[in-house]
Amino acid sequence: MTLWQDVRYAIRVLLKSPGFTIIAILTLALGIGANSTIFSWINSTVLNPIPGVKHASRYVAISAGGSRDQNPISYPDYVYLRDHNTTLSSFLAGSPITASLTAHARPVRLWGVLVSANYFDALGVRPILGRGFLPSEDAKPGGAPVVVISYHLWKGQFGGAASIIGQSIEIDRHAFQVVGVAPREFVGTQTGLSYDLWVPIVMDEVFHTGGDLLQDRGSDWIMSIGHLKPGITSDQAQADLNVLMQQEAKQFPTYHLGDYTIAASPLWRAPWGANFYLHFILFLLLAISGVVLLLACANIANLLLVRSVARRREMAIRLSVGATRWRLVRQLLVESLLLAISGGIVAMLFTLWTAGSLNDFIPPIAEIPISMNVTADRTVLLVTFALSILTGVIFGILPALRSSSLQPVNVLKEEAGSASGGIHKMRLSGVLVVAQIAMSLLLLICAGLFIRSVRAKDEFNPGFNPHNVLLDNYDLSGMGYDKTSGTQFDKQVFEKLQTIPGVQSATIASWIPLGFDQSVYSIQAEGYVPRPHESMNVQYADVGPSYLQTLQIPLIAGREFTTADISGSQQVAIVNQSFVKRYWPHRDAIGEKLQAGGSWYTVVGVAQDSDYDDVGEKPQPFLYLPLFQDYDRHVAIYARTAGDPLAFAFSVQDAVHSLDADLPLFDLTTLESRIQLNTTTERMGGTFVGGFGILALVLAGIGIYGVLAYTTRQRTHEIGIRMALGAEPRDVLRLILRQGLTLAVLGLAIGLAASFVLTRVLSRELFGITATDPLTFTAVALLLLAVALLACYIPARRAMRTDPMVALRYE
């Protein structure tokens, strides 16, 4: 027979058993589809970190602070490293900004990047219209008012007109000439973030106030990427850059306190993209989905072994008329591959549907332009097809080899209804069932750990009350406000918020806790003598009056800021407990003075420690400054309400627009969503592994039931003899239950041992519980044992009702 004849015969065989075929295809589709969906996420975030950039593996992200902290560097440090390194063929710089397109009737808020002039050339990105930046556009501060816009901005705001090149557009009320349009697929160098425009870094004074960042060695704001020279590894580049950074630190020790060790990281784990946060959990989910696929393979292999017993005479006849063993193996493998390919086709459809679901786990975030553009591209579909073929071989080869190893004479001597020899085959099925139970237990324990971790994080007290707080944002950049008028506007907004019915407390601030926006000052605490090379950087936030009251952060001593804390009055500050513990451990902090940002402040209050960057973080010093004294153009509105905070959105927005009807508000959300942001990876793990666990539970139950149901039917004659000799139905029940529970207990023992070792990998993703949490292990084991008991009871109950006279006639 030809291969095509094998296929036609296999189709007829599978169509004769539609129930088995449908179950097998769906089981395989779920297993393959789970792997393909996770792979599509990895492909879009890790394997392809910068869409539109070729050979991304030759680029490295350069950061300071070692492999743990991975912070940006200052612009002067970037220039020194760029000009003196010997391992990078190009070295680019970038720093995100927010801006507004202000020539419209109403400003359009945009996300952009200040970049070095070699940005597009270094990445090998060619604009589809116009050009990138020229070397001369990196020379003079404020001397390059040009911009490259994104494809989506070009299409959305300018109608895709080719005449946009050379035109002048207004950004933050400054004229910029459009010199290029980026390719459609290129949206920036930070994975998962989408930018609208790119401006030469020498134009930073348009977007930043309060100092010359291009000359400031104390401001670390540059995210840099280097392209390795041929033959150079990332380790060699890292060593080269560290030598240069040590030279900089020796020459300018005041600006290089703390750890300034350079880390050269591959882009798939660059510290300022979504892949930095997601790569571990995605690879972990891929490994777990691989276990699901193995479980599905074991289940289908078990079903095929059961079917092979019924096809023994068919195989024996074919062998007796001259068919070779390889011929039968090929035929059976064709059947398995047809099942796998069919499951793979369904899995492809499943992947196309679910690939974009990664966005569902990430709440909207005001500080960054999240855009997880995940698709199932050609690479994903090819991997899905290859996985289908591999799966067909995995679950099909063992049943095929067992079925083709028959002795035709012995089989043909058996009565048509007999299946002697099947019991021996069922030993292999028993092994597969034990493996299924062990893998199911592992998956269920992983799911339980993730779910308990999410609950622990949700219930954890971050040091403030996130419930019933509305958040909204506005940015005065490009709206015609200077420091004086902007501060006055902020005061008016604060006063308006206090008059909204149903708002219990309201404030404004320059930041939102548990986010990605961090501001740091190098401080000097009066009376404190720093240790040699000790970093004096402290995170701070500009906050309005009633900030601590609105967030319900306890005030340990002193007072909150008031509307009297304005420019021209005494400059004041509030510090947290960790600040006092570090800098004034045996003194009353009230009245102490500190320097931050070049100004001296008097401490008027001490707040309780809370979480600032991550839930459950290690306590760290933190500084609060009055927003009305330390001006910031970006402002977040907080409103604690009596009910659903989103129900007050219109009232809050109306209060702001009563002061400035043209000011856009953006990123409306709740403070509670910040907790959700911090549980993103746990929720991803809990959702997917939980789904995998349920599937595993069902497959394990089916596996036990299938083996016992078949072996019970094969032992009908034996059971009849036992009952004829006086065995009670409960004895038969005990016999069958013992057989099933032996398999279950053995699988649980192996699964518990494997889980105890393997779940330790989850440790970095868990919060509030250990990877060997006894409650989770015990509860999951009991649940799986209960399912196994139920799966055993059904065939056992049928066996105990056997009529001895009927059973004795059974052959």
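What counts and what doesn't
- Residues numbered from 1 in each chain as written.
- Predicted model: local features only at pLDDT ≥ 70, side-chain atom pairs only at ≥ 80, totals over all residues.
- Heavy atoms only, no water.
- Helix = DSSP H or I, 4+ residues; strand = E, 2+ residues; numbered from the N terminus.
- Buried < 20%, exposed > 50% of the residue type's maximum accessible area, 1.4 Å probe, protein only.
- Contact = heavy atoms within 4.5 Å.
- Areas by Shrake-Rupley, 256 points an atom, 1.4 Å probe, with all protein chains shown as cover.
- Lys, Arg positive; Asp, Glu negative; His and termini not counted.
- Charge placed at Lys NZ, Arg CZ, Asp CG, Glu CD.
- 1 Å grid on protein atoms, 1.4 Å probe; cavity = no way out; pocket = protein on both sides within 12 Å on 5 of 7 lines; lining within 4 Å.
- Points joined across faces, edges and corners; volume = space filled by probe spheres on them.
- Nonpolar A, V, L, I, M, F, W, Y, C, P; charged D, E, K, R; others polar.
- Pairing = 2+ DSSP bridges.
- Phe/Tyr/Trp six-rings, centres within 6.5 Å; stacked < 30°, edge-to-face > 60°.
- Lys NZ or Arg CZ within 6 Å of the ring centre and 35° of its normal.
- Core = buried A, V, L, I, M, F, W, Y, C linked by side-chain atoms within 4.5 Å.
- Axes fitted to C-alpha atoms, helices over the stretch in contact; angles between N-to-C directions.
- Parallel < 35°, antiparallel > 145°, perpendicular 65-115°, else oblique.
- Left-handed = near helix turned anticlockwise from the far one by under 90°.
- Expected span 1.5 Å × (residues − 1).
- Polar contact = N/O pair within 3.5 Å; in protein donor to acceptor, adjacent residues only side chain to side chain.
- Patch = residues over 30% accessible without salt bridge, like charges linked within 9 Å, V, L, I, M, F, W, Y side chains within 5 Å.
- Salt bridge = Lys/Arg side-chain N within 4 Å of Asp/Glu carboxyl O.
- pLDDT = per-residue confidence, 0-100.

*Asks:* Just checking my understanding: could you explain the overall build of the protein chain for this structure?
*Replies:* In terms of helices and strands, the protein chain carries 24 helices and 21 strands. Reported as C-alpha extents along the three principal axes, the dimensions of the protein chain are approximately 105 × 60 × 55 Å. The buried share among the 811 residues of the protein chain stands at 56%. Put simply, 81% of the contacts in the protein chain that link residues at least 6 apart link residues at least 24 apart. Total accessible area on the protein chain stands at roughly 34,200 Å², and carbon and sulfur atoms take up 59% of it. Computed over 61 positive and 63 negative side-chain charges, the inter-centroid distance for the protein chain is 18 Å.

*Asks:* What's the story with empty space enclosed by the protein in this structure? I'm lost.
*Replies:* To find leftover empty space, a probe the size of one water molecule is rolled over the atoms. A complete count under the given rule lists four cavities of 30 Å³ or more for this structure. Quantified by volume, the largest cavity comes out at close to 140 Å³. Around the largest cavity, the lining comprises 15 residues; the ones closest to its centre are Leu 304, Arg 307, Arg 311, Leu 332 and Glu 335. Put simply, the parts of the chain that give the lining of the largest cavity at least two residues each are helix H9 (274–310), helix H11 (325–354) and helix H12 (378–403). Grouping the constituent residues of the lining of the largest cavity by class yields eight nonpolar, four polar and three charged. For the second largest cavity, the calculated volume is near 100 Å³. Only strand E2 (88–101) and strand E9 (223–228) provide two or more residues apiece to the lining of the second largest cavity. Top contributing element to the lining of the second largest cavity by residue count: E2, with four residues.

*Asks:* Before we go on, may I ask you to explain unusual backbone geometry in this structure?
*Replies:* Where the residue is not glycine, phi is negative for most of them; where a peptide bond is considered, it is trans in most cases. Of note, the phi angle at His 55 is positive, near 55°, even though the residue is not glycine. Mapped onto the elements, His 55 comes out in the loop between helix H2 (18–47) and strand E1 (59–64). Although it is not a glycine, Gln 552 adopts a positive phi angle of roughly 60°. Looking at the secondary structure, you find Gln 552 in the loop between helix H16 (547–551) and strand E15 (555–558).

*Asks:* How do you make sense of the pairing of strand E12 (residues 503–509) when you look at a structure like this?
*Replies:* Burial within E12 is extensive, with six of its seven residues counted as buried. Strand direction decides the pairing type here: E12 and strand E20 (residues 634–641), joined by six bridges, are antiparallel. Looking across to E20, one finds that Ala 506 is bridged to Ala 639.

*Asks:* So what exactly am I meant to see when it comes to the environment of Thr 189 here?
*Replies:* In this structure, Thr 189 sits in the loop between strand E7 (174–181) and strand E8 (197–200). Judged by relative accessible area, Thr 189 falls into the buried class, the value being 16%. C-alpha separation for the pair Thr 189 and Pro 49, spaced 140 residues apart in sequence, amounts to 7.8 Å.

*Asks:* Looking at this structure, how should I read the packing of aromatic side chains?
*Replies:* How two aromatic rings sit relative to each other is given by the distance of their centres and the angle of their planes. Using the criterion set out here, one finds 28 aromatic pairs in the structure. Aromatic side chains Tyr 78 and Phe 91 sit 5.2 Å apart centroid to centroid with 50° between the ring planes, which places their arrangement in the tilted category. In this pair, Tyr 78 is assigned in helix H4 (residues 75–84) and Phe 91 in strand E2, connecting sequence segments 13 residues apart. When its relative accessible area of 2% is taken as the criterion, Phe 91 is described as buried. On the numbers, 5.0 Å between centres and 90° between planes, the contact of Tyr 528 with Tyr 583 is edge-to-face. On the criterion of sequence distance, the pair formed by Tyr 528 in the loop between strand E13 (519–525) and strand E14 (537–543) and Tyr 583 in helix H17 (residues 577–583) is long-range, its members being 55 residues apart. Under the relative-accessibility criterion, Tyr 583 is labelled buried at 2%. Taken together, Trp 511, Tyr 547, Tyr 612, Phe 622, Tyr 624 and Tyr 638 form an aromatic cluster joined through their ring pairs. Between the NZ or CZ atom of Arg 109 and the centre of the ring of Phe 666, over which it lies, the distance is 3.3 Å. A cation sits over an aromatic face here: Arg 760 above Phe 756, 4.5 Å from the ring centre.

*Asks:* Would you take a moment to explain the side chain of Glu 137 for this structure?
*Replies:* Note on placement: Glu 137 falls in the loop between strand E4 (129–130) and strand E5 (146–149). Glu 137 sits in the buried class, given a relative accessible area of 10%. Those residues in contact with Glu 137 that sit more than four places away from it in its chain are Ala 117, Arg 131, Gly 132, Ala 144, Val 146, Pro 200 and Val 202.

*Asks:* Whenever I open this one, the nonpolar core confuses me. Can you help?
*Replies:* One broad trend across soluble globular proteins is that nonpolar side chains are buried collectively. Counting 90 residues, the largest nonpolar core has Trp 41, Phe 395, Met 684 and Ile 704 as its most contacted members. With 18 residues, the top contributor of residues to this core is H9. Filtering out sequence-adjacent residues up to four positions away, Phe 395 remains in contact with Leu 28, Cys 297, Ile 300, Ala 301, Leu 304, Ser 336, Leu 339 and Ala 340. With 78 residues, the next largest nonpolar core counts Tyr 59, Ala 64, Leu 193 and Ile 222 among its residues.

*Asks:* Would you explain the packing of H2 against H11 in this entry?
*Replies:* Axis angle and axis distance: for two packed helices, these are the angle between their axes and the distance between the axes, and together they describe the pair. At a minimum axis separation of 7 Å, H2 and H11 run at an interaxial angle of 45°. Here H2 lies oblique to H11, going by the angle between them. Seen along the crossing, H2 lies across H11 with a hand that is right-handed. In terms of residue class, the contact of H2 with H11 is built from 13 nonpolar, ten polar and no charged.

*Asks:* Looking at this structure, I do not really get helix H15 (residues 483–497). What am I missing?
*Replies:* Residues lying three or four places apart along an α-helix face the same way, a consequence of the helix completing one turn every 3.6 residues. Compared with an ideal rise of 1.5 Å per residue, which puts 15 residues at 21 Å, H15 spans 21 Å between its outermost C-alpha atoms and is within 8% of the ideal. Of the surrounding elements, those touching the buried residues of H15 are strand E11 (469–475), E12, E20 and helix H18 (649–657). Its side-chain oxygen at 3.2 Å from the backbone nitrogen of Thr 484, Asp 482 defines the N-terminal cap of H15.

*Asks:* What should I look at first to understand the layout of surface pockets in this one?
*Replies:* There is about 440 Å³ of room inside the second largest pocket. As for the second largest pocket, its lining consists of 22 residues, of which Pro 51, Glu 185, Val 187, Asn 373 and Val 374 are closest to the centre. Top contributing element to the lining of the second largest pocket by residue count: H2, with three residues. Residue composition of the lining of the second largest pocket, by class: six nonpolar, 13 polar and three charged.

*Asks:* How should I be thinking about helix H22 (residues 729–758) in this particular structure?
*Replies:* Here H22 spans 43 Å end to end across 30 residues, near enough to the 44 Å set by a 1.5 Å rise per residue. Of all the residues in H22, the buried ones are Val 732, Leu 733, Leu 735, Ile 736, Leu 737, Gly 740, Leu 743, Ala 744, Gly 747, Leu 748, Gly 751 and Ser 755.

*Asks:* I tried to follow the side chain of Asp 565 on my own but got confused; where do I start?
*Replies:* Inspection of the secondary structure assignment puts Asp 565 in the loop between E15 and strand E16 (572–576). What makes Asp 565 buried here is its relative accessible area of 5%. In this structure the side chain of Asp 565 is engaged in a polar contact, spanning 2.9 Å, whose partner is the backbone nitrogen of Thr 562. Residues contacting Asp 565, with those up to four places away along its chain left out, are Arg 559, Glu 560, Val 572, Pro 626, Phe 628 and Gln 629.

*Asks:* Quick question: what am I supposed to make of the packing of helix H1 (residues 3–16) against H11 here?
*Replies:* Packing of H1 against H11 brings their axes to within 9 Å, and their N-to-C directions diverge by 60°. Judged on the interaxial angle alone, H11 and H1 are oblique. Note on packing geometry: the crossing formed by H1 with H11 is right-handed. For the pair H1 and H11, the contacting residues are Leu 3, Asp 6, Val 7, Tyr 9, Ala 10, Ile 11, Val 13 and Leu 14 in the first and Arg 327, Arg 330, Gln 331, Val 334, Glu 335, Leu 338 and Leu 339 in the second. For the contact of H1 with H11, the class distribution of residues is ten nonpolar, one polar and four charged.

*Asks:* Teacher, can you tell me more about a nonpolar patch on the surface here?
*Replies:* On the surface, Ile 345, Leu 349 and Leu 352 cluster together to form a nonpolar patch covering roughly 310 Å² of accessible area. For Ile 345, the position within the fold is in helix H11.

*Asks:* Mind showing me how you'd approach the environment of His 55 here?
*Replies:* On the basis of relative accessible area, His 55 is assigned to the exposed category, the value being 62%. Measuring from C-alpha to C-alpha, the distance between His 55 and Leu 123 comes to 9.4 Å, with 68 residues separating the pair along the chain.

*Asks:* Before we go on, may I ask you to explain the confidence of the model for the protein chain in this structure?
*Replies:* Detailed reading of the predicted coordinates is not advisable wherever pLDDT falls low. Considering every residue of the protein chain, the mean pLDDT works out to 86; 92% of them sit at 70 or more. The low-confidence segment residues 415–423, where pLDDT is below 50, has twelve contacts with residues more than four positions distant or belonging to other chains.

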